[in-house]
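Descriptive analysis of the structure
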Amino acid sequence: MRRCIILASGPVERYECLRPLLRQDDFILCADGGLRLARRLGVKPHLAVGDFDSYHDPLPLEGMEALRVPPEKDDTDTMLAVRLAIKRGFRHILLLGGTGGRLDHTFANIQTMAWAAEQDVSLWMADCQNEAAVLTPGIHRVVKRDGYKLSLFGIGEGAFGITLKGLQYPLTDAALTMTTPLGVSNEWNDEIAQIELKKGMLLLVLSKD
């Protein structure tokens, strides 16, 4: 299934670490200033959306569709991009440039991931140090990543009925809420970690140690 890459305008220190995450058949959707990231990654955008308050070059670029929206709006440019990707049929999305800058925008992007999870869409956010996704009820398996820690955080109204297997610090039918950082910095004991969630949402973060 074809994947949508959403490029946002968060700062990126090392572009070379993001290039291996891209595939030739990816659909490239830029959220406003994400157009600068596209240029630095050497990829050609298919579509851009936003009020373009942080991108001042002429639009559209050659062969690119551009959707301009008013600056006064309810959604962030990244949220607009995610909505647009889903509307165009994408169920697998990778967000780059969504971290590393303003904390309010990073947190808004986490909320955007939670919204996408409610739509049964796989939305991952990645930078050179981290990968993150929101998990909904079910059984999830995460392959061991050498040099990485695995963290889980209850978000929204919390996460309940959590059972962890294949990790150094297991849990059985546990709860994680916004005020309990118990799930930070776990490690794999087996090649695959199993995360069972019965109710709520979990933020999964894989971070380089």
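This section reports on the structure supplied with the text. On a predicted model such as this, the values are computed, not experimentally measured, just so you know. Sequence positions are assigned chain by chain, starting from 1 and proceeding in written order. Residue-level local features of this predicted model are given only where pLDDT is at least 70; pairs of side-chain atoms are given and counted only at 80 or more, and the full residue set underlies all totals for whole chains, interfaces and linings. Excluding hydrogens and water, the side-chain figures rest on all heavy atoms present in the structure.

1. Digging into the layout of surface pockets
Quick reminder of the rule: Here the term cavity refers to a set of points on a 1 Å grid, laid over the protein atoms alone, in which a 1.4 Å probe fits but cannot get out; the term pocket refers to an open set having protein on both sides within 12 Å along at least five of seven lines, with lining residues being those that place an atom within 4 Å of a point. Grid points are joined across faces, edges and corners, and a volume is the space filled by probe spheres set on the points. Numbering goes from the N terminus for both helices and strands, where a helix is a DSSP run of H or I of at least four residues and a strand is a run of E of at least two. Just so you know the grouping, Ala, Val, Leu, Ile, Met, Phe, Trp, Tyr, Cys and Pro go in nonpolar, Asp, Glu, Lys and Arg go in charged, and all remaining residues, Gly too, go in polar.
A volume near 340 Å³ is recorded for the largest pocket. Ser9, Gly10, Asp77, Thr78 and His105 are, among the 22 residues lining the largest pocket, the residues nearest its centre. Of all the secondary structure elements, the ones that give two or more residues to the lining of the largest pocket are helix 2 (77-87) and helix 3 (103-118). Among the elements that make up the lining of the largest pocket, the one with the highest residue count is helix 3 (three residues). Tallied by class, residues from the lining of the largest pocket come to three nonpolar, 13 polar and six charged. One number sums up the size of the second largest pocket: a volume of about 300 Å³. Taken together, 15 residues form the lining of the second largest pocket, with Ser122, Trp124, Val134, Leu135 and His140 sitting closest to its centre. Looking at the lining of the second largest pocket residue by residue, the class counts come to 10 nonpolar, three polar and two charged.

2. Description of the state of the cysteines
Structurally, a disulfide amounts to a covalent bond that connects the sulfur atoms of two cysteines. Operational definition: Any cysteine sulfur atom paired with another within 2.5 Å is treated as part of a disulfide. Burial status follows relative accessibility: with a 1.4 Å probe on protein chains alone, a residue under 20% of its type maximum counts as buried, one over 50% as exposed, and anything between as partly exposed.
Taken as a whole and assessed by the stated rule, the structure comprises one disulfide. Sulfur-sulfur distance for the disulfide between Cys17 and Cys128 comes to 1.5 Å. With a gap of 111 residues between them, Cys17 in the loop between strand 1 (4-7) and strand 2 (27-31) and Cys128 in the loop between strand 6 (122-126) and strand 7 (130-135) connect regions that are remote in the sequence. Of all cysteine sulfurs, the one in Cys30 lies closest to Cys4, which takes part in no disulfide; the gap is 9.6 Å. Owing to a relative accessible area of 0%, Cys4 belongs among the buried residues under this scheme. Residue classification places Cys30 among the buried positions, given a relative accessible area of 0%.

3. Things to note about the packing of aromatic side chains
The geometry of an aromatic ring pair is captured by two quantities: the separation of the ring centres and the angle between the planes. Stated formally: When the centres of two rings from Phe, Tyr and Trp lie within 6.5 Å, Trp using its six-membered ring, the rings pair. Their planes under 30 degrees apart give stacked, over 60 give edge-to-face, and anything left gives tilted. Each ring is checked for a lysine NZ or an arginine CZ that lies within 6 Å of its centre and within 35 degrees of its normal; such an atom marks a charge sitting over the ring.
This model, assessed by the stated rule, comprises one aromatic pair. Between Phe27 and Phe90, the ring centres sit 5.1 Å apart and the planes meet at 35°, which makes this aromatic pair tilted. With Phe27 in strand 2 and Phe90 in the loop between helix 2 and strand 5 (92-96), the pair connects residues that are 63 residues apart, well separated along the chain. Assessed through its relative accessible area of 12%, Phe27 is described here as buried. Residue Phe90 is classed as buried on the basis of its relative accessible area of 10%. Here the basic side chain of Arg83 rests over the ring of Trp115, its NZ or CZ set 4.7 Å away from the ring centre. Lying over the aromatic face of Tyr148, Arg145 brings its terminal NZ or CZ to 4.3 Å of the ring centre.

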